[in-house]
Each structure stands twice: as structure tokens, then as C-alpha cells.
Amino acid sequence: MRHRLLSLAGLAAFFGLWTLIALSGLAKPQFLPTPLAVAEEFVRLLQTPFAGYTLEQHLLSSLGRFGLGFALAVAIGVPLGLLMGWFRTLDAIVSPLFDALRFVAPIAWVPFAALWFGTGIGGPVLIIFSGAFPPCLINAYRGAKFVEPRYVEAARMLGASHWRMVTEVLLPASVPSIVAGLRVSAGLGWQSLIGAELIVASSGIGYLMVKGQSNISTDIVMSGMIAIGIVGVVIDVLLRMLQARIERHRR
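Worth saying up front: this structure is predicted, and the values here are computed from it rather than measured.

**Some details on unusual backbone geometry**
Move 1: Phi is positive for alanine 51, close to 55 degrees, though the residue is something other than glycine.
Move 2: For isoleucine 216, which is not a glycine, the phi torsion comes out positive at approximately 50 degrees.
Move 3: Mapping isoleucine 216 onto the fold places it in the loop between helix 9 (205-214) and helix 10 (218-250).

**What about the nonpolar core?**
Move 1: If you look at the biggest cluster of nonpolar residues, it comprises 45 residues, and the most contacted ones within it are Leu55, Phe66, Leu82, Trp190, Ile205 and Ile235.
Move 2: Contributions of two or more residues to this core are made by helix 2 (35-47), helix 3 (55-86), helix 4 (88-101), helix 6 (122-145), helix 7 (149-157), helix 8 (162-197), helix 9 and helix 10.
Move 3: Top element by residues in this core is helix 8. It accounts for ten residues.
Move 4: The contacts of phenylalanine 66, once residues within four sequence positions are left out, are Ile128, Ala186, Gly189, Trp190, Leu193 and Ile235.

**Observations regarding the side chain of glutamate 197**
Move 1: If you trace the backbone, glutamate 197 turns up in helix 8.
Move 2: One polar contact links the side chain of glutamate 197 to the main-chain amide nitrogen of glycine 206, over a distance of 2.9 Å.
Move 3: With residues up to four places along the chain from it excluded, the contact list for glutamate 197 reads Ser62, Arg65, Ser203, Gly204, Ile205, Gly206 and Tyr207.

**Examining helix 4**
Move 1: End to end, helix 4 covers 20 Å across 14 residues, agreeing with the expected 20 Å (1.5 Å per residue, within 8%).
Move 2: Of all the bends in helix 4, the largest measures some 35 degrees and sits at valine 94, one to four residues before the proline proline 96.
Move 3: Every buried residue of helix 4 is accounted for by Asp91, Val94, Ser95 and Phe98.
Move 4: Where helix 4 is buried, its residues contact helix 3 and helix 6.

**Description of the environment of leucine 239**
Move 1: In this structure, leucine 239 sits in helix 10.
Move 2: For leucine 239, a relative accessible area of 11% puts it in the buried group.
Move 3: As a C-alpha pair, leucine 239 and valine 184 span 55 residues in sequence and 9.9 Å in three-dimensional space.
Move 4: Ignoring any residue separated from it by four or fewer positions in sequence, one finds leucine 239 in contact with Val179, Leu182, Arg183 and Ala186.

**What to know about the pattern of salt bridges**
Move 1: For the structure shown, the criterion picks out five salt bridges.
Move 2: Close ionic contact of glutamate 41 with arginine 44 constitutes a salt bridge, the shortest N to O distance being 2.4 Å. With a gap of three residues between them, glutamate 41 and arginine 44 both fall in helix 2, about one helical turn apart.
Move 3: Relative accessible area serves as the criterion here: at 10%, glutamate 41 is assigned to the buried category.
Move 4: Assessed through its relative accessible area of 33%, arginine 44 is described here as partly exposed.
Move 5: Between arginine 183 and aspartate 236 there is a salt bridge, with its nearest N and O atoms 3.2 Å apart. Of this pair, arginine 183 sits in helix 8 while aspartate 236 is found in helix 10, placing the two residues 53 residues apart along the sequence.
Move 6: Residue classification places arginine 183 among the partly exposed residues on the basis of a relative accessible area of 29%.
Move 7: Here the salt bridges do not stand alone but share partners, grouping Arg183, Asp236 and Arg240 into one network.

**Comments concerning the packing of aromatic side chains**
Move 1: Overall, the coordinates contain nine aromatic pairs when judged by the stated rule.
Move 2: Plain terms: the ring middles of phenylalanine 98 and phenylalanine 133 are 6.0 Å apart, the flat faces sit at 80 degrees to each other, and that makes the pair edge-to-face. Residue phenylalanine 98 is located in helix 4, and its partner phenylalanine 133 is located in helix 6; the two are separated by 35 residues in the primary sequence.
Move 3: For phenylalanine 98, a relative accessible area of 10% gives the class buried.
Move 4: Owing to a relative accessible area of 14%, phenylalanine 133 belongs among the buried residues under this scheme.
Move 5: An aromatic cluster is present here, built from Phe14, Phe15 and Trp18 joined pairwise through their rings.

Calculation criteria
- Every chain is numbered on its own, with residues counted from 1 as its sequence reads.
- Thresholds applied to this predicted model are a pLDDT of at least 70 for local features of residues and 80 or more for the giving and counting of side-chain atom pairs; totals over whole chains, interfaces and linings are not thresholded and use all residues.
- In computing side-chain values, all of the structure's heavy atoms are included and hydrogens and water are not.
- By the criteria applied, helices consist of DSSP H or I runs no shorter than four residues and strands consist of E runs no shorter than two, each listed in order from the N terminus.
- As used here, the term nonpolar core means buried Ala, Val, Leu, Ile, Met, Phe, Trp, Tyr and Cys residues forming a set that is joined through side-chain atoms within 4.5 Å.
- Remark: exposure states derive from per-residue accessible area (1.4 Å probe, protein chains only) relative to the maximum for the residue type, with buried under 20%, exposed over 50%, and partly exposed in between.
- Here, residues are in contact when the closest pair of their heavy atoms is within 4.5 Å.
- Side-chain atoms alone can form a polar contact between residues adjacent in sequence; in general such a contact is a pair of N or O atoms within 3.5 Å, and within protein one must be able to donate a hydrogen while the other accepts it.
- Multiplying 1.5 Å by the residue count of a helix minus one yields the expected span of that helix.
- Bend at a residue means the angle formed by two fitted axes: the first through the 7 residues ending at that position, the second through the 7 residues beginning there.
- Salt bridges are identified by distance alone: a Lys or Arg side-chain nitrogen within 4 Å of an Asp or Glu carboxyl oxygen.
- Here the aromatic set is Phe, Tyr and Trp, taking the six-membered ring for Trp, and pairing holds for ring centres within 6.5 Å; pairs whose planes are under 30 degrees apart are stacked, those over 60 apart are edge-to-face, and all others are tilted.

Below, the structure written as C-alpha cells:
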């Protein structure tokens, strides 16, 4: 209860300071609206289209792109990480290229996405994938590498094939590490999506913010930021619930 009260006090102090600065005249309302004005604009955007769609429709468009890019990163990253953790030859082949590419910021792929896909869905999906893929692979790889040796030895003694070793030994033992990686991956993927939509999209929250900025409508830009934060928290909470459930099941 004490921690919750402190959290509420922190939020109240933040919004109070924001309101005081906005009302003091240090910045024009056009550039720093009050929290109430932003809240009113947020509600209005839910009902009135801006840049072609309502805020809800922009969010759905962003979530569709995020879902595709994140699912692709998980579908490739997790199996590849497990296989690299078991097959040293594959690890030796993939690691140099992966180690070089994973340090390239997702936003650096924007020029290629724009050239290859224009404003279609392929560009944002590529950028989301580039942000979400590394944590999926790294955590799956680490999970496979740190499996207790006694499990591996027991499976070998029973004559388990490589396929059964990966699917029935490495994968179950690596689940906690994989889920932890999914949380990091989802956060990076969601951030990468917004960066992509600022440049290579014709709908979505990032596109809405760009149009708000071009109209010098700070309240619209802030509404988009609030929507981004809310969705990001919801995604993380869902993954935390999944992680807690898996840990309870393992215990």
C-alpha cells in the first residue's frame, strides 16, 4: 500500500508540475497544452477521424504490423537460437553474421524499407523484425546453453535423437529464458514500429503523430504518445502474466 501511495504521489506531482508550467505562460498552449486539453483531444480522436482514421483505427493498424513482425521474429529467432545452442557447426556459421547485424539499430533499416516496400506493410514489418529478432534468438540460445548437464546426459543415455533432444529437452528447459526474451523483444519491436511509422507508413500511431506535428498540434502528438505507452504496458503485462504462469507450472 505504501508503494502504491508513493506511485500515486509521483504521478500527481508530475501532472501537477505539467499543469503549472502550461498555465504559467512559459510556453504557448499550442506547444504545451494542459493534461486536461490532451485528455479531451484523446477522447475526440477516438470519435473523429484524423489523418484518415480514428485513433482506435490507427492503433489497430499499428498492432497488425507489430503482430506480423513480432510473430516472424519469434518463429525464426527461437528455433534458430535453440538449434545454435545444440549444433556447434550452425553456431559457428550464424554467429559472426548475427553479431554484426544485431548492433545495427532498427531505425537504420528505414531507408531500405522505404526503397524496397514503399509505404506498404512490408517496410514496418522488416523494421519490427530487426528490433524484435535479436532478443528472441539470444535468450533461446542462452537457455539451450545453460540446460542442466544431467538432463542432456540422461537423454543421450536413452538414445534420444537430435530432434528429440532439441524439442523434448532443450525447449522445455529453456522456456523461462525464452519468455524473458519475449518481453524484451516485444518492447523493442513496439518501439521500432513507431519509428518506422514516422517515416514509411500511411496509417498507424506514428503516422498520426507525424501529421499532428505538421499541423503544429501538440495535443494530437501527445495523445499518440499516450496511446503508445498504454499499449506497450498492456503488452508487457500480458507477457509478465505468461511468465508468472509458466514459473508456477514449473514449480
